[in-house]
Amino acid sequence: MLTEALALRLLDRLRRSPYGGAWVAGARFGVRVSSSGAADEELLFATDRVQAWRGEAVDAWLHTSASDVEALLAGRSPEGTVGYALGDRGDVADRVKQARAVMGLGALGWCGPWPDAAAAPEVVALTRRACLDLAIGPADELRPLFSTHAPAPLRGHALRLTDGARRRWCTVGLSDTAGLPELWTDGDPRVVRIAALHLCESGSLPSRLDTPVGTVRFEAGPLPLPHALTTLVKVVPGPA
């Protein structure tokens with residue numbers, strides 16, 4: 001049985017984790033906990049409360065077992081299956097519901113304690129996609145960041161387009177290299193390529209960078225990935 005005290009500890013983990021907090025602000029999760037020989041418990045988790053589920057629409061159902069809840073709270077990898085299924089909340093896009101589910105499970109420790117240098121690449125990619133879906137918007141198109149004829153260290157990265165009223169461009173894959181962030185802009189996409197090239201060649205970004213299309217500066221925010229707590233950096237026109 002999931003006691004009230006354990007439920008509140010899970011809620012606290014959801015609030016405080018770098019994978020939860022603002023990343024799941026406004027989310028509603030149904031949490032289904034199975035116990036051997038007993039009926040499943042169904043709870044509603046929001047960022048401000050936990051209560052018995054009474055039919056509310058949720059972003060996703062997170063499911064686990066009572067024994068694995070204890071493992072999660074102890075910072076151990078769960079031995080059973082911890083997963084999710086999208087919920088029926090109608091005022092939230094499916095990609096946002098999935099992103100919130102991934103971040104919520106990350107906050108609860110579904111793959112054990114994070115960050116973890118040995119995190120599986122597919123889990124890193126899934127979590128990065130969730131972060132970018134929430135922070136930047138949908139991936140309407142993916143293009144190579146650099147030419148396929150570029151030197152080997154520069155290949156394999158992508159430039160992600162969110163095609164809205166104001167287009168947003170974001171790198172995908174730079175953060176696979178330890179210490180490197182992902183870059184994004186809602187301005188000229190060339191500045192992202194130029195900044196990314198500088199980053200790959202020097203290993204760091206200056207406070208401002210002069211480019212052929214103008215001077216840019218950088219604004220950083222957290223980017224929590226399973227293998228590292230890195231940054232998501234906005235490339236902004238004009239000097240600081």
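Computed from a prediction, not measured in an experiment: that's the story for all the values here.

J.: How should the packing of helix α3 (residues 94–108) against helix α4 (residues 121–135) be read in this particular structure?
T.: Between two packed helices, the angle of one axis relative to the other and the distance separating the axes together describe the packing. Remark: α3 packs on α4, axes separated minimally by 9 Å, with the N-to-C direction vectors making an angle of 125 degrees. With respect to their mutual orientation, α3 and α4 come out oblique. In this structure, α3 crosses over α4, and the sense of that crossing is left-handed. Contact residues: R95, V96, Q98, A99, R100, V102 and M103 in α3; L126, T127, A130, C131, D133 and L134 in α4.

J.: Quick question: what am I supposed to make of the nonpolar core here?
T.: Across soluble globular proteins, you tend to see nonpolar side chains buried next to one another. Ranked by internal contacts, the top residues of the largest apolar core, which has 38 residues, are F29, F45, L62, M103 and L232. When contributions to this core are tallied by element, the ones reaching two or more residues are α1 (4–16), β1 (28–35), β2 (38–46), β4 (60–65), α2 (66–73), α3, α4 and β11 (214–225). The greatest single-element share of this core, amounting to seven residues, is contributed by α3. Contacts of L232, omitting those with residues within four sequence positions, involve L132, A135, I136, C170, E182, W184, E219, A220, G221, P222 and L223. Counting 20 residues, the second largest nonpolar core, distinct from the first, contains L180, V191, V216 and V235.

J.: I'm lost on the packing of α1 against α3 in this one. Help?
T.: Following both chains from N to C, one finds α1 and α3 inclined at 115 degrees, their axes separated by 8 Å at the closest point. As judged from the angle between their axes, α1 and α3 are roughly perpendicular. As for the relative orientation of α1 and α3, their crossing is right-handed in sense. The residues of α3 that touch α1, namely those facing L10, R13 and L14, are G104, A107 and L108. Grouping the constituent residues of the contact of α1 with α3 by class yields four nonpolar, one polar and one charged.

J.: Quick question: what am I supposed to make of the packing of aromatic side chains here?
T.: Here a ring pair, both rings aromatic, is described through the centre-centre distance and the interplanar angle of the planes. Enumeration over the complete set of coordinates arrives at two aromatic pairs. Where Y19 meets W114, the ring centres are 5.2 Å apart and the plane angle is 70 degrees; that geometry is what we call edge-to-face. In this pair, Y19 sits in the loop between α1 and β1 while W114 sits in the loop between α3 and α4, placing the two residues 95 residues apart along the sequence. Owing to a relative accessible area of 3%, Y19 belongs among the buried residues under this scheme. A centroid spacing of 4.9 Å and a plane angle of 80 degrees characterise the contact between W53 and W61, whose relative ring orientation is edge-to-face. The exposure class of W53 is partly exposed, given its relative accessible area of 29%. On the basis of relative accessibility, which here comes to 12%, the residue W61 falls in the buried class.

J.: Sorry if this is basic, but what is going on with the environment of D88 here?
T.: Within the secondary structure, D88 sits in the loop between β5 (83–86) and α3. D88 gets classed as exposed once you look at its relative accessible area, which sits at 58%. Along the backbone, D88 and E56 are 32 residues apart, and their C-alpha atoms lie at a distance of 9.1 Å.

J.: Can you help me understand the pairing of strand β7 (residues 158–162) in this one?
T.: In regular strands, side chains alternate between the two faces of the sheet. Burial analysis of β7 places five of its five residues in the buried class, which makes it a mostly covered element. Burial along β7 is two-sided: A158, R160 and T162 and L159 and L161, pointing in opposite directions, are all buried. In this sheet, β7 lies alongside strand β6 (residues 141–144) in antiparallel orientation, the contact comprising four bridges. For P144, the partnering residue across the bridge sits in β7 and is A158. Of the strand pairs in this sheet, β7 and strand β8 (residues 168–172) are connected by five bridges, and their pairing is antiparallel. When the bridges of β8 are listed, A158 appears paired with V172.

What counts and what doesn't
- Residues numbered from 1 in each chain as written.
- Predicted model: local features only at pLDDT ≥ 70, side-chain atom pairs only at ≥ 80, totals over all residues.
- Heavy atoms only, no water.
- Axes fitted to C-alpha atoms, helices over the stretch in contact; angles between N-to-C directions.
- Helix = DSSP H or I, 4+ residues; strand = E, 2+ residues; numbered from the N terminus.
- Parallel < 35°, antiparallel > 145°, perpendicular 65-115°, else oblique.
- Left-handed = near helix turned anticlockwise from the far one by under 90°.
- Contact = heavy atoms within 4.5 Å.
- Core = buried A, V, L, I, M, F, W, Y, C linked by side-chain atoms within 4.5 Å.
- Buried < 20%, exposed > 50% of the residue type's maximum accessible area, 1.4 Å probe, protein only.
- Nonpolar A, V, L, I, M, F, W, Y, C, P; charged D, E, K, R; others polar.
- Phe/Tyr/Trp six-rings, centres within 6.5 Å; stacked < 30°, edge-to-face > 60°.
- Pairing = 2+ DSSP bridges.

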